[in-house]
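Coordinate analysis (summary)
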Amino acid sequence: MIYIYHDFGGTHSTSLAAAFHLKLLPPPTRKFTKQEILAVPFFNKLTKQDVGKLIFHGKDDEGNAVYTVARRRFKQIVPVIRDFYLLLEEKYHFDEKIILSNTSPTVPLAMTLGGMFSRGLGINVIGVPLLVKGAQQSSQSIFQLVEKTKQAAKEMSQNHVVIMDNKDFQA
């Protein structure tokens with residue numbers, strides 16, 4: 001199984017999703033501290049040059065690979081990944097299952113503005129506090145999205161590619 005969490009910037013909600021998936025963050029039973037959030041691998045670290053790159057975060061406790069990707073305004077990246085997978089499956093008998101899970105619906109306004117200030121404009125003094133607040137606001141939703149994604153993966157039957165838009169996690 002290959003998990004790919006994706007959103008606009010690929011460095012905030014996706015990094016948190018990967019951290020929850022890999023159990024680098026515990027279930028959110030309390031508000032995470034600024035230090036805990038900023039210690040998440042790749043959180044607020046990626047740049048525009050990383051758009052479209054699959055970022056490997058690790059393997060989960062079942063040996064499944066976990067990746068993230070920034071799609072920016074290129075929403076076609078998900079169909080491209082799906083079609084490339086189907087090509088590998090058909091031509092080379094690639095038999096791995098893949099699940100693409102959109103984390104964008106979990107992103108609150110604070111995280112959006114924080115990403116714009118921090119990553120877009122380089123104004124970390126404004127952006128980072130907003131990102132931390134946004135991460136604190138959305139951690140429960142992101143955790144639930146990850147759990148739903150893992151459950152959907154277990155329920156996959158003949159479909160080797162599942163695309164989850166996750167609109168039910170609207171921030």
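This write-up is about the structure you can find in this document.

Another aspect to go through is the pattern of salt bridges. Under the defined criterion, the tally for this structure stands at six salt bridges. The closest approach of N and O atoms between E147 and K150, which form a salt bridge, is 3.8 Å. A residue pair is termed a helical-turn pair when its members lie 3 or 4 positions apart in one helix, as E147 and K150 do in helix 5 (residues 124–154) at three residues. Judged by relative accessible area, which is 35%, E147 ranks as partly exposed.

A word on the side chain of S13. Within the element layout of this structure, S13 appears in helix 1 (residues 13–21). In this structure S13 touches D7, T103, T106, V107, M111 and I142, once residues within four positions along its chain are discounted.

We now examine the pairing of strand 4 (residues 98–102). With five of its five residues buried, strand 4 lies for the most part within the structure. Because side chains alternate across strand 4, one face comprises the buried residues I98, L100 and N102, and the other comprises I99 and S101, equally buried. As defined by bridge partners, strand 4 adjoins strand 5 (residues 161–164) across four bridges and the pair is classed as parallel. Residue pairing in the sheet places I99 in a bridge with V162 of strand 5.

Now for the side chain of N166. Among the secondary structure elements, N166 is positioned in the segment after strand 5. The buried category is assigned to N166, whose relative accessible area is 2%. Discounting residues that sit within four places of it in the chain, N166 has contacts with S101, N102, P105, L145 and K148.

With that settled, the discussion passes to the nonpolar core. One finds Y3, Y5, L16, F20, L25, F43 and I99 to be the most contacted residues of the largest nonpolar core, which totals 30 residues. Secondary-structure elements contributing two or more residues to this core are strand 1 (2–7), helix 1, helix 5 and strand 5. A total of nine residues in this core trace back to one element, the largest contributor, which is helix 5. For Y3, the residues in contact, after removing those within four places along its chain, are H21, D60, N64, A65, V66, Y67, I99, T149, K150 and A153. Ranked by size, the runner-up nonpolar core spans ten residues in total, among them I2, I4, V69 and L100.

To continue, consider the packing of aromatic side chains. For any pair of aromatic rings, geometry is given as the distance between the ring centres together with the angle between the planes. One pass over the structure, following the stated rule, counts four aromatic pairs. Taken together through their ring pairs, the aromatic side chains of F20, F32 and F143 make up a single cluster.

Moving on to the layout of surface pockets. Estimates place the volume of the largest pocket at around 520 Å³. With seven residues, the top contributor of residues to the lining of the largest pocket is helix 4 (residues 109–120). The class makeup of the residues in the lining of the largest pocket is seven nonpolar, ten polar and five charged. Approximately 240 Å³ is the volume attributed to the second largest pocket. What lines the second largest pocket is a set of 14 residues, and nearest its centre among them are I4, L54, I81, F84 and I98. Going through the elements one at a time, strand 1, strand 3 (65–70) and helix 3 (77–92) are the ones with two or more residues in the lining of the second largest pocket. With five residues, helix 3 is the single largest residue contributor to the lining of the second largest pocket. Residue composition of the lining of the second largest pocket, by class: 13 nonpolar, no polar and one charged.

Reading the values: rules and limits
- Residues numbered from 1 in each chain as written.
- Predicted model: local features only at pLDDT ≥ 70, side-chain atom pairs only at ≥ 80, totals over all residues.
- Heavy atoms only, no water.
- Salt bridge = Lys/Arg side-chain N within 4 Å of Asp/Glu carboxyl O.
- Helix = DSSP H or I, 4+ residues; strand = E, 2+ residues; numbered from the N terminus.
- Buried < 20%, exposed > 50% of the residue type's maximum accessible area, 1.4 Å probe, protein only.
- Contact = heavy atoms within 4.5 Å.
- Pairing = 2+ DSSP bridges.
- Core = buried A, V, L, I, M, F, W, Y, C linked by side-chain atoms within 4.5 Å.
- Phe/Tyr/Trp six-rings, centres within 6.5 Å; stacked < 30°, edge-to-face > 60°.
- 1 Å grid on protein atoms, 1.4 Å probe; cavity = no way out; pocket = protein on both sides within 12 Å on 5 of 7 lines; lining within 4 Å.
- Points joined across faces, edges and corners; volume = space filled by probe spheres on them.
- Nonpolar A, V, L, I, M, F, W, Y, C, P; charged D, E, K, R; others polar.

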